[in-house]
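Residue-level listing of the chains:
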Amino acid sequence: MPRTPAEHPAPAGDTSFTGAAEPYAGGDPYADYRAAAHTAPAHWVDLADRRLGSGVVAANDEFFADRENLLLPGRAEFHPGSFGHKGKVMDGWETRRRRGGSAGRPHPLADDHDWALIRLGAPGVVRAVVVDTAHFRGNHPAAISVEAASADGTPSPDELLGPAVKWTELVPRTPVGGHAENRFTVRAERRFTHLRLNQHPDGGVARLRAYGEVVPDPRWLGTLGTFDLVALENGGRVEEASDLFYSPAVNTIRPGRARRMDDGWETRRRRDRGNDWIRYRLAERALIRAVEIDTAHLKGNSAGWASLSLRDGPHAPWTDLLPRTRLEPDTAHRLLPPEPAIGAELRLDVYPDGGIARLRVFGELTPDGAARLAERHRELSA
Ligand SMILES: NC(=O)NC(NC(N)=O)C(=O)[O-]
């Protein structure tokens, strides 16, 4: 007997309960996927992204499908004919079916559930969680809940599950639909390092996303002295970009070198007389000494020239940091601005269009910038 949405309370978020999914009927498996309608600020990043160094450090069960799939970038794939020794090959984290203890009590208990522990690649404030059940149609969890913790150092799974770590509920136990993007708003103004995803009583989740803002460790950055001020993991962010046609501008501040062209930022071909650009906010107010612009993998479509300008706050005027400089395709350019300069926001202009793979901005925080960063960390860790 199909259950109706009215039998379930509405989730605490911007998704309304989508209910059970229909069996796969052939053709495009995403044709009947239920995406969540939402608008999120452009600067939010997925703190649980594998590309940031996140990991699923433990799960109580992963019989049907590996826990690591949860944090992979990109949407989950579905190949209808793909079966292995354990059953249907699924692109997600999937546990076995829970059973009760006896013939007379074959169903799981009300509190039975499966769990996975996630280390956030970049600790920060979580503002929205997505529990994506893509392709889990008859085997998605009935409900999920999400908790978060803030732990110092690099705790083991046992330590995370031990009495010293306090868990805060981000999403209470809430029914979720199958083959759907289940999105939840989070209101917990705290810096977290780990998440715990619970499936009640069991089932499969394709992807977990934890969107929010990075809150870097000021002691680490202060000790480093000179660091990459625009890097995502250090609290840099993209505020706006002229063109997101082929790839997101945030790729330019991800860790490491780009591995392929689509791991960088590429704009569409311009047919007007303008130019493309990205506006960034640095970790905090800082003195910039050196920059690196890397056009790796962009060969026939590298930006032709680039310039950088800087401003000391949202209402200050823009001043030149780096004059218009010619770029080579597929090359890391180490560039020294004519003068070290102080600012909190940066603008990259590329001429006329094309792409870059990475931008690195090396310098040190000003004393007032360092003090604000430390204060924010203190407030969010209290
Ligand atoms: N068709 C299935 O997906 N069945 C089972 N799951 C896998 N992965 O085989 C199950 O019990 O949920």
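Residues numbered from 1 in each chain as written. Predicted model: local features only at pLDDT ≥ 70, side-chain atom pairs only at ≥ 80, totals over all residues.

Q: Looking at this structure, how should I read the overall build of the protein chain?
A: What the protein chain contains, in helices and strands, is three helices and 22 strands. Expected size for 382 residues packed as a compact globule is a radius of gyration near 21 Å; at 23 Å, the protein chain falls within 12% of this value. With respect to the three principal axes, the spread of C-alpha positions in the protein chain is 80 × 50 × 40 Å. Across the protein chain, every contact between residues at least 6 apart in sequence was considered, and the portion connecting residues at least 24 apart equals 78%. (Helix = DSSP H or I, 4+ residues; strand = E, 2+ residues; numbered from the N terminus. Rg over C-alpha atoms; globule rule 2.2 N^0.38 Å. Contact = placed C-beta atoms within 7 Å.)

Q: I keep staring at the pairing of strand β9 (residues 181–185) and nothing clicks. Help me out?
A: In terms of burial, β9 is largely enclosed, as four of its five residues are buried. Strand direction decides the pairing type here: strand β6 (residues 114–132) and β9, joined by five bridges, are antiparallel. Looking across to β9, one finds that Val131 is bridged to Asn182. (Buried ≥ 20, exposed ≤ 12 C-beta atoms within 10 Å, placed from the backbone. Pairing = 2+ DSSP bridges.)

Q: Can you walk me through the UniProt feature "domain: Allantoicase" (unreviewed entry) in the protein chain in this structure?
A: The sites that carry the UniProt feature "domain: Allantoicase" (unreviewed entry) are, in the present numbering, residues 53–214 and 235–365. When the span residues 53–214 is considered, its composition is 3% helix and 43% strand, and the gap between its end C-alpha atoms is 13 Å. (UniProt positions renumbered as here; feature names shortened; annotations may be inferred.)

Q: Can you help me understand the environment of Gly26 in this one?
A: Assignment of secondary structure puts Gly26 in the segment before β1 (45–46). Using a count of 7 C-beta atoms within 10 Å as the deciding quantity, one classes Gly26 as exposed.

Q: Please explain the site of the ligand as it appears in this structure.
A: Contacts to the ligand come from Phe64, Gly87, Lys88, Met90, Glu94, Arg97 and Asn139. Across the shell around the ligand, the residue classes break down as two nonpolar, two polar and three charged. (Near = placed C-beta within 6 Å. Nonpolar A, V, L, I, M, F, W, Y, C, P; charged D, E, K, R; others polar.)

Q: Where do I start with the domain arrangement of the protein chain in this structure?
A: Annotation of the protein chain at the domain level lists domain 1 (5–214) and domain 2 (218–368). Between the C-alpha centres of domain 1 and domain 2 there is a distance of 34 Å. In this assembly, eight residues from domain 1 lie in contact with 10 residues from domain 2. Across the side of domain 1 that touches domain 2, the residue classes break down as five nonpolar, two polar and one charged. (Domains from an automatic or database assignment.)

Q: Help me understand the environment of Leu70, please; the structure alone is not making it clear to me.
A: Positionally, Leu70 belongs in the loop between β2 (55–59) and β3 (83–84). Separated by 91 residues in the primary sequence, Leu70 and Leu161 place their C-alpha atoms 20 Å from one another. Those residues in contact with Leu70, other than ones at most four positions away along the chain, are Val56, Gly92, Trp93, Ala116, Val205, Arg207 and Leu208.

Q: I'm lost on unusual backbone geometry in this one. Help?
A: Leaving glycine aside, a negative phi is the common case for residues, and trans is the common case for peptide bonds. Cis rather than trans, the peptide bond between His200 and Pro201 has omega equal to -10 degrees. Position of Pro201 relative to the elements: it lies in the loop between β10 (192–200) and β11 (204–205). Across the junction of Tyr351 and Pro352, the peptide omega takes the value -15 degrees, indicating a cis bond. In this fold, Pro352 is placed in the loop between β20 (341–351) and β21 (355–356). The phi dihedral of His297 falls on the positive side, at around 75 degrees, and the residue is not glycine. Counting through the fold element by element, His297 comes out in the loop between β16 (276–294) and β17 (305–311).

Q: I would appreciate a short explanation of the environment of Pro352 in the present structure.
A: For Pro352, a count of 17 C-beta atoms within 10 Å translates into the label partly exposed. In sequence terms Pro352 and Pro337 are 15 residues apart; their C-alpha atoms lie 21 Å from each other.

Q: Is there a simple way to explain the confidence of the model for the protein chain in this structure?
A: Interpretation of this model should avoid reading the predicted coordinates in detail wherever pLDDT is low. Mean pLDDT for the protein chain: 95, with 96% of residues reaching 70 or above. Predicted confidence is poor over residues 1–12, with pLDDT under 50, and the contacts of this stretch with residues over four places away or in other chains come to 18 contacts. Overall fold confidence (pTM) sits at 0.94, and the ipTM for the predicted complex is 0.95. (pLDDT = per-residue confidence, 0-100.)

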